[in-house]
Each structure stands twice: as C-alpha cells, then as structure tokens.
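# Summary of the model geometry
Letter by letter, the chains look like this.
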Amino acid sequence: MVYFIGAGPGDEELITVKGMKRLQVVDVVIYAGSLVSKKLLDYCKSDVEIYDSASMDFNQVIEVMQESHNKGKTLARLHTGDPSIYGTIKEQMDELDRRNIPYEIIPGVSSFLAAASRVKAEFTLPGVSQTVIITRLEGRTGKSEGGRLDELSKHRASMSIFLSIQDIEGVVEQLKVGYSEETPVAVVYKATWPDEKILRGTLKDIADKVKAENIDRFAQILVGDFLNSEYEMSKLYDACFTHMYRSGTK
Ligand SMILES: C[S@@+](CC[C@H](N)C(=O)[O-])C[C@H]1O[C@@H](n2cnc3c(N)ncnc32)[C@H](O)[C@@H]1O
C-alpha cells in the first residue's frame, strides 16, 4: 500500500493527525528533501527505510514503490503542502494503477493556506472578493493552461501565485494589466519554517523589496484587496440573517 501524504507547509505540527499516524507505522518513506522538513521523519519508527526524492527520477521512485509492494511493505510518499497542488501525483497514481498497486491520499495544509495564516488574512472577504485563483507563471510545463497571469488579473480576485518568485518583475508586469498599482501584495518565504520571511507592499514596490531580500524560491505571492481593504460584515453572523441553525433576532 502506498500513502500519498500532504506534509503541510513546513512546521512539523501542521501535518494532519491522520498523516502523522500513517508516518508512525509505515516501513518505507519517500520524501521531497528540498521542500519537506526532516523533523517529520522523527514521527517514523526507528527501522524505517528513507529515500530522498530530490536525487531520484520518476522511474526510481516507482521502482521503490514496486519493490515495497512486492515485499508487502507499506510506503509513505510525503509531498509538501497538499499533494493535489503542483504535486505531480497524477503521473505516479496512473503508474500505480497500471501496476495494480493500491494507494490512498491523505491531504495536507497547502502553502497558500499557511501563507494566508501567517499574514493573518482571509481570502474571501464579502464585498471584496469571493474567488481565489491559485496559479503560477507559465513554466516548463506549458503555456496558457487556463490563462496567463495578465488575463487572470482582470478578475481582480484574491490570488495565490506559486513557483514564480524567481521572476517577480515578470509577475508584477502581468498583474498590472488587471490590478491597480496600489493593490496590496504579500510575499511569504518559507511560511511556518523557522527562517520564514514576510514582505508586504504593493504592485508598485514589491519587486524591489523581494530583490533586496534576495528571495528567489520557496515563496508564496499573495495578491489582492483582501490583504488590506474595507469589507462588508459577513451576512452569516448578521443578527438579521437567519439560516437553518439559527433563527433571526429581528
Ligand atoms: C512544487 S510546489 C508544491 C506546492 C505544495 N503542494 C503546496 O500545496 O503548497 C512548490 C512551491 O510551493 C510553494 N511553497 C511550498 N511550501 C511553501 C512554504 N512553506 N512557504 C511558501 N511557499 C511555499 C512555493 O511557491 C514553492 O515553489
């Protein structure tokens, strides 16, 4: 059995209870050493076999899974954040299906959620934005799969941009097509890690701030008025608003 486990953003307490319990009993772990905290491996039993996927290609990862399966061993594949977001699990799952190796996915706290918590923000503010766009600059994986940043910016939604901090100038240039220059931006480098850094600014000045701090990887770029805005009180807690669990007071 293979368990794809969301390791969370960094802090070893931000894995789910279910994910931690699986880690405590599996025989083999493959983890992304460059992005997943080694402290998570402390949850494992002492004779666990550990592989760092940073030095392995796809075939080598699958071979370890196949061998573990043949020997009746359980294996945890630890992915940073949540495996469903830029996790490349689909190709692994398809190969496991072809080989009749069973697997289960245990979700995790994605870094875009961790970043929002570190800047104490809510993506979905009434009257500001009820839509969250999760995206990245187009990279080696192909263009326009759902829209370039300049097109997406026209929605003026709350936005979380992964895998793009290395070209913050390119990001800003595209975002200025739809958002005003005053739109707030927060860059969260290594959210929830001990060496986390948080930069706040606007589309006008965030690129200079990022360059000054030499941040060129491992960061979330959060964009939108949700970061600093007037908003309407949520109707959910409005005394005039009734819903199925509460009757109105007026
Ligand atoms: C290959 S993707 C994996 C994303 C992961 N599956 C998730 O749900 O967060 C790696 C990118 O996620 C973002 N990332 C992952 N962990 C992060 C963290 N702790 N703080 C900020 N950004 C993070 C960065 O943009 C990084 O380049």
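First, a word on what this report is: a plain description of the structure on this page. If you're wondering where the values come from, they're calculated on a predicted model, not measured in any experiment.

Under the defined criterion, the tally for this structure stands at 17 salt bridges. Among the ionic pairs, E138 bridges to R148, the shortest N-O distance being 3.0 Å. Residue E138 is found in the loop between β6 (132–136) and α5 (149–153), and its partner R148 is found in the loop between β6 and α5; the two are separated by ten residues along the sequence. Classification of R148 by relative accessible area gives partly exposed; the value is 25%.

To continue, consider the packing of aromatic side chains. The final tally for this structure, using the stated rule, is six aromatic pairs. Judged by centre distance (5.8 Å) and plane angle (40 degrees), the ring pair of F112 and F123 falls under tilted. One end of the pair, F112, is in helix α4 (residues 111–118); the other, F123, is in the loop between α4 and β6, and eleven residues separate them in sequence. Note on W193 and F218: the rings are 5.7 Å apart at their centroids and 70 degrees apart in plane angle, and the pair reads as edge-to-face. Of the two residues, W193 sits in the loop between β8 (184–189) and β9 (197–202) while F218 sits in the loop between α7 (206–212) and β10 (219–223), which places them 25 residues apart along the sequence. Residue class for W193 comes out buried when judged on its relative accessible area of 17%. Its end group placed over the ring of Y86, R136 keeps NZ or CZ at 6.0 Å from the ring centre. Taking the ring centre of W193 as reference, the NZ or CZ of K190 above it sits at 4.4 Å.

Right, let's talk about the packing of helix α2 (residues 58–70) against helix α3 (residues 90–98) for a bit. Look at α2 against α3: their axes get within 11 Å of each other, and the N-to-C directions meet at 45 degrees. Between α2 and α3, the angle is such that the two are oblique. Read as a crossing pair, α2 and α3 show a hand that is right-handed. Across the interface between the two elements, F58, V61, I62 and M65 from α2 touch E91, Q92, E95 and L96 from α3. Of the residues assigned to the contact of α2 with α3, the class counts are five nonpolar, one polar and two charged.

The rules behind these values
- Counting starts from 1 at the beginning of each chain's written sequence and moves along it residue by residue.
- Local features are withheld for residues below a pLDDT of 70 in this predicted model, meaning they are given only at 70 or higher, and side-chain atom pairs are given and counted only at 80 or more; totals for whole chains, interfaces and linings count all residues.
- Excluded from the side-chain calculations are hydrogens and water; all other atoms, namely the structure's heavy atoms, are used.
- The term salt bridge refers to a side-chain nitrogen of Lys or Arg lying within 4 Å of a carboxyl oxygen of Asp or Glu.
- Every helix listed is a DSSP run of H or I at least four residues long, and every strand listed is a run of E at least two residues long, numbered separately from the N terminus.
- Exposure categories follow from relative accessible area, calculated using a 1.4 Å probe and restricted to protein chains: below 20% of the type maximum is buried, above 50% is exposed, and the middle band is partly exposed.
- Only Phe, Tyr and Trp rings take part, Trp by its six-membered ring, and two of them pair if their centres are within 6.5 Å. Stacked means planes under 30 degrees apart, edge-to-face means over 60, and tilted covers everything else.
- Our definition puts a charge over a ring when NZ of Lys or CZ of Arg is within 6 Å of the ring centre and also within 35 degrees of the ring normal.
- For helices, the axis comes from a line fit to the C-alpha atoms of the stretch in contact; other axes are also lines fit to C-alpha atoms, and the angle between any two N-to-C directions lies between 0 and 180 degrees.
- Roughly parallel means an angle under 35 degrees; roughly antiparallel means over 145; roughly perpendicular covers 65 to 115; every other angle is labelled oblique.
- When the near helix sits turned anticlockwise from the far one by under a right angle, the crossing is termed left-handed; a clockwise turn instead gives a right-handed crossing.
- Between two residues, a contact is recorded if the distance between any of their heavy atoms is within 4.5 Å.
- In this count, Pro and Cys sit with the nonpolar residues alongside Ala, Val, Leu, Ile, Met, Phe, Trp and Tyr, while Asp, Glu, Lys and Arg are called charged and the others, Gly among them, polar.

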